[in-house]
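One-letter residues, chain by chain:
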There are 2 protein chains.
Amino acid sequence: VNLLLLHSTELGSEGYVSLRGPRARHLVNVLKVAPEQVIRVGIIDGPQGTARVLRCSDGEVELACRLGGRPAVTPPVDLLLALPRPKVLQRLWAQFAALGVGQVILTNAAKVERHYFDTHVLDPAVYEPLLIEGLQQARDTRMPRVSVHRQFRILVEDELDRLAPQTRRIVAHPQADIPLASALRATTNGRVLLAIGPEGGWNAFELELLASRGFRAASMGDRTLRTDTACVALLAITHETLRAGSGLP
Amino acid sequence: VNLLLLHSTELGSEGYVSLRGPRARHLVNVLKVAPEQVIRVGIIDGPQGTARVLRCSDGEVELACRLGGRPAVTPPVDLLLALPRPKVLQRLWAQFAALGVGQVILTNAAKVERHYFDTHVLDPAVYEPLLIEGLQQARDTRMPRVSVHRQFRILVEDELDRLAPQTRRIVAHPQADIPLASALRATTNGRVLLAIGPEGGWNAFELELLASRGFRAASMGDRTLRTDTACVALLAITHETLRAGSGLP
């Protein structure tokens, strides 16, 4: 890991932390830490800093943390994602957190199979460790928020304005004429809410409802991609377009 | 599949094709084709067209193909990729073909482990079906070329100009100041050769050698990504930047 994430509740007085279990084993067996070594740490949804290894023995690692680095900033992109197949979603959690997503709003759609909602991959006990894995990879501390919605229409009509207020809304659609990067540059500033459909696409009703709520259609070209590839590609393009347009050279 | 790919050698007189094995089973069991149905077909490295199902029985599917659609165009991006772990490379083949890559130049680097070269994932018998899977997903017929190079310096100094002549060369480097999209827009037209390092990054010697051969460093930001996520993200950004800069609205 590039950053060891801790829950704020794990911090004792004066930054003392005692770890057991997988993280302690990873520190000892993979990173091979030794006393006095300094590693990068972060508090979930909090600041980053460093930790000095005090002791590692008997499967326990003791750390003295100094925090106060850059505070967690919410990534400027949210996803409205038609619930993918469980196997695909499982692969995506860590990549979402690594690429940077403020929230993942998972929704039903006509071409989403009902049994996708029964998967253990929607259980926070399953996805939170995967999100943490991605955050640790990318050196971020901000946990993406996750919500699951079984009724597309109610979500889009009644809940979206509260969940993702004042966002520039884009729906990824292979038949759209406008490249995603151009569509993003044509909007005013603010967070982006990116809608990504199911493997077979949104249907006409869904596209109309999204359009009526301010979603502009944009595409990545005429190549049809698997959902997992498409999600990574769309997120990467969105981040890069926002970054390249943010005044950097 | 969104497009059924055939080898030109499979085409009989007047476009007749008889399929057995996995493709025949996929047509019958997954796509549930029936006689007279018309499906989309393509010839590897050749044109696309349609095929009428003549007969399907006893594990055999007979097709009458009409070709002559758009000819295969080589995607405008080539990759110079430090050989990833076999498990990661296996996941990447289909995604490379789906996103669109002219060629994949796999190379050794200081932080590439030697045993990565011994993997069956570098065997054309293993990766060609995965490339075809990606092409069929994205409806493309152009097979990416693949070459494997065990000596980075000889590759970059002596072979690269022949393998990828007159390309705009970019090396992805997390510490670079210039966003990838900006670096691409700052170059003249032409194919892009994108260098992506190993999990631990290129070393100083490698970066200098790449710079001396015309590679400009560019980054996707300060988030460290897994190689598979990084490859998909970099390819997507490159394609989108070329497309958005190509005169489309």
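Details of the structure are given in the entry above.
About the cut-offs
Residues numbered from 1 in each chain as written. Chains lettered and ligands numbered in written order. Predicted model: local features only at pLDDT ≥ 70, side-chain atom pairs only at ≥ 80, totals over all residues. Heavy atoms only, no water. Contact = heavy atoms within 4.5 Å. Buried area = accessible area lost by both parts, 1.4 Å probe. Salt bridge = Lys/Arg side-chain N within 4 Å of Asp/Glu carboxyl O. Polar contact = N/O pair within 3.5 Å; in protein donor to acceptor, adjacent residues only side chain to side chain. Helix = DSSP H or I, 4+ residues; strand = E, 2+ residues; numbered from the N terminus. Nonpolar A, V, L, I, M, F, W, Y, C, P; charged D, E, K, R; others polar. Pairing = 2+ DSSP bridges. Axes fitted to C-alpha atoms, helices over the stretch in contact; angles between N-to-C directions. Patch = residues over 30% accessible without salt bridge, like charges linked within 9 Å, V, L, I, M, F, W, Y side chains within 5 Å. Areas by Shrake-Rupley, 256 points an atom, 1.4 Å probe, with all protein chains shown as cover. Buried < 20%, exposed > 50% of the residue type's maximum accessible area, 1.4 Å probe, protein only. Least-squares fit on C-alpha atoms with pLDDT ≥ 70 in both. Right-handed = clockwise from strand over helix to strand, strands pointing away. 1 Å grid on protein atoms, 1.4 Å probe; cavity = no way out; pocket = protein on both sides within 12 Å on 5 of 7 lines; lining within 4 Å. Points joined across faces, edges and corners; volume = space filled by probe spheres on them.

Caption draft 1: Structural detail: the interface of chain A and chain B. Contacts between the two partners involve 39 residues from chain A, matched on the other side by 38 residues from chain B. Taken together, both faces of the contact between chain A and chain B bury some 3,100 Å²; the carbon and sulfur share is 52%. The largest per-residue losses of area from chain A upon contact with chain B belong to R223, T224 and E240 of chain A, which jointly make up 20% of the total buried on that side. There are 2 salt bridges connecting chain A and chain B. The partner of D140 of chain B in a salt bridge is R223 of chain A, with the nearest N and O atoms 2.9 Å apart. Taken together, the connections running from chain A to chain B amount to 20 residue pairs in polar contact (both at pLDDT 80 or more). Tallying contributions element by element places helix α7 (residues 227-244) of chain A first for the side of chain A that touches chain B, with 8 residues. Residue classes in the side of chain A that touches chain B are distributed as 19 nonpolar, 9 polar and 11 charged.

Caption draft 2: Region of interest: the sheet that holds strand β11 (residues 216-218) of chain A. All names here are of chain A. Reading across the sheet, the 6 strands line up as β8-β7-β6-β10-β9-β11 and stay open at both edges, with parallel pairing between neighbours. Unpaired on one side and paired on the other, β8 (145-149) and β11 mark the two borders of the sheet. Taken pair by pair, the neighbouring strands of this sheet meet at an average axis angle of 20 degrees, ignoring direction. As paired elements, strand β6 (residues 77-82) and strand β10 (residues 192-196) share 5 bridges and run parallel to each other. By the bridge assignment for β10, V77 is matched with V192. Relative to strand β7 (residues 103-107), helix α2 (residues 86-99) is tilted by about 160 degrees, and along the sheet it contacts β6, β7 and β8.

Caption draft 3: The arrangement of a nonpolar patch on the surface in detail. Residue and element names in this part refer to chain A. A cluster of nonpolar residues, V1, V30 and L31, forms a patch on the protein surface that exposes about 230 Å² of accessible area. With respect to the secondary-structure elements, L31 resides in the loop between α1 (22-30) and β3 (38-43). For L31, a relative accessible area of 34% translates into the label partly exposed.

Caption draft 4: Inspection of the relation of the copies chain A and chain B at higher detail. Superposition record for chain A on chain B: RMSD 0.0 Å, screw rotation 180 degrees, translation along axis 0.0 Å. Here the symmetry operator amounts to a two-fold rotation axis.

Caption draft 5: How the structure looks around the side chain of Q137 of chain A. One can find Q137 of chain A in helix α3 (residues 124-138). The class for Q137 of chain A is buried, based on a relative accessible area of 18%. A distance of 3.4 Å separates a polar atom in the side chain of Q137 of chain A from the backbone oxygen of T224 of chain B. Sequence-distant contacts of Q137 of chain A, defined by excluding residues within four places in its chain, comprise N2 and A98 of chain A together with E199, T224, L225 and R226 of chain B.

Caption draft 6: Summary view of the pairing of β7 of chain A. Residues and elements named next belong to chain A. With 5 of 5 residues buried, β7 is to be regarded as a mostly interior element. As defined by bridge partners, β6 adjoins β7 across 4 bridges and the pair is classed as parallel. Counted as the bridge partner of L79 is V104 from β7. Taken together, β6, α2 and β7 constitute a β-α-β crossover, and its handedness is right-handed. After leaving β7, the chain enters α3 and then returns to the sheet as β8, a path that is right-handed.

Caption draft 7: The sheet that holds strand β6 (residues 77-82) of chain B, seen in detail. Residues and elements named next belong to chain B. Taken together, 6 strands build an open sheet; the order of strands is β8-β7-β6-β10-β9-β11 and the sheet is parallel. Only two strands of the sheet have a single neighbouring strand rather than two, namely β8 (145-149) and β11 (216-218). For this sheet, the mean angle separating the axes of adjacent strands, direction not counted, is 20 degrees. Direction of pairing for strand β9 (residues 168-172) relative to strand β10 (residues 192-196): parallel, over a ladder of 4 bridges. Bridge pairing links R169 to L193 in β10. Relative to β10, helix α7 (residues 227-244) is tilted by about 160 degrees, and along the sheet it contacts β6, β9 and β10.

Caption draft 8: Here's a closer look at the pairing of β10 of chain A. Within β10 of chain A, 5 of the 5 residues are buried, which leaves the element mostly enclosed by the surrounding structure. Alternating positions in β10 of chain A separate into two faces, V192, L194 and I196 of chain A on one and L193 and A195 of chain A on the other, with burial throughout.

Caption draft 9: Geometry of empty space enclosed by the protein. In total, this model carries 1 cavity of 30 Å³ or more according to the counting rule given. Volume-wise, the largest cavity comes out at about 60 Å³. In terms of lining, the largest cavity is formed by A181, R185, I237, E240, T241 and A244 of chain A together with A181, R185, I237, E240 and T241 of chain B. Of all elements in the fold, only α5 (180-185) and α7 of chain A together with α5 (180-185) and α7 of chain B reach the threshold of two or more residues within the lining of the largest cavity.

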